[in-house]
Amino acid sequence: AVFPGEAIAECYEAYREKLLEQNVRVYLQNKGKVNKGMRDTLLHNPFVFFVYNNGLAITADNLVLNEDGTRIQALHNMQVVNGGQTMASIHNSWLNDGNHLKGVSVQAKLTIVSKAIESSLVPDISRYSNTQNAVKATDLDSNANVQRWYEGKLYAGNYSSTTLNEMYVETNEYIQKNIGRKEVM
């Protein structure tokens, strides 16, 4: 689903922390780097918020669509199990910065969960949607143009590199035995 930023802000205004009861944490304010970055994007580059932000993971036990089935009219027992910082940051920008959120859209993964399994499934959805492998600064740089150029030069010279996002095995013995390449450190 895709929600307009204003709908996110209005929903948070109406229900506040009740929406985050199944989330691992409540709003951390605009003190951290990530929340400050979201605020900056919302204020200065709102049209790219959709592509920069990971969006929301939402659970509900019922969904009501409009007559032609193209829009969500209501979500019953809605919980934002991942993306609470996103939702609260949008609300904060709307409320405190006077941001009308024109052009802001937020993607959402919406899971309808029956009440019979809600107590066991929703905590797991929250847990796993808030879990990922750590991303290091070197991982973010591994797709830079200079790294791609360097990688091309290594391939052309029949070399491999252990520095390019851990793509290759780190021991000379394994590389020489199984691949037949010289290793560059």
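Regarding the packing of helix α2 (residues 33–44) against helix α4 (residues 84–96)
Two elements in contact, α2 and α4, have axes separated by 10 Å at closest approach and are oriented at 50°. Relative to α4, the element α2 is oriented oblique. Once α2 is placed against α4, the crossing between them reads as right-handed. Residues Asn35, Met38, Leu42 and Leu43 of α2 lie in contact with α4, whose contacting residues are Gln85, Thr86, Ser89, Ile90 and Ser93. Considered class by class, the residues forming the contact of α2 with α4 number 4 nonpolar, 5 polar and no charged.

Quick word on the confidence of the model for the protein chain
Residues with a pLDDT of 70 or more make up 71% of the protein chain, whose mean pLDDT is 79. For the protein chain, strand β8 (residues 182–184) is the element with the lowest average pLDDT, namely 49, and helix α1 (residues 5–15) is the one with the highest, namely 95. Here residues 164–175 is a poorly scored stretch, pLDDT under 50, and it has 28 contacts once near neighbours within four places are set aside; other chains count.

The rules behind these values
- Residues numbered from 1 in each chain as written.
- Predicted model: local features only at pLDDT ≥ 70, side-chain atom pairs only at ≥ 80, totals over all residues.
- Heavy atoms only, no water.
- Axes fitted to C-alpha atoms, helices over the stretch in contact; angles between N-to-C directions.
- Helix = DSSP H or I, 4+ residues; strand = E, 2+ residues; numbered from the N terminus.
- Parallel < 35°, antiparallel > 145°, perpendicular 65-115°, else oblique.
- Left-handed = near helix turned anticlockwise from the far one by under 90°.
- Contact = heavy atoms within 4.5 Å.
- Nonpolar A, V, L, I, M, F, W, Y, C, P; charged D, E, K, R; others polar.
- pLDDT = per-residue confidence, 0-100.

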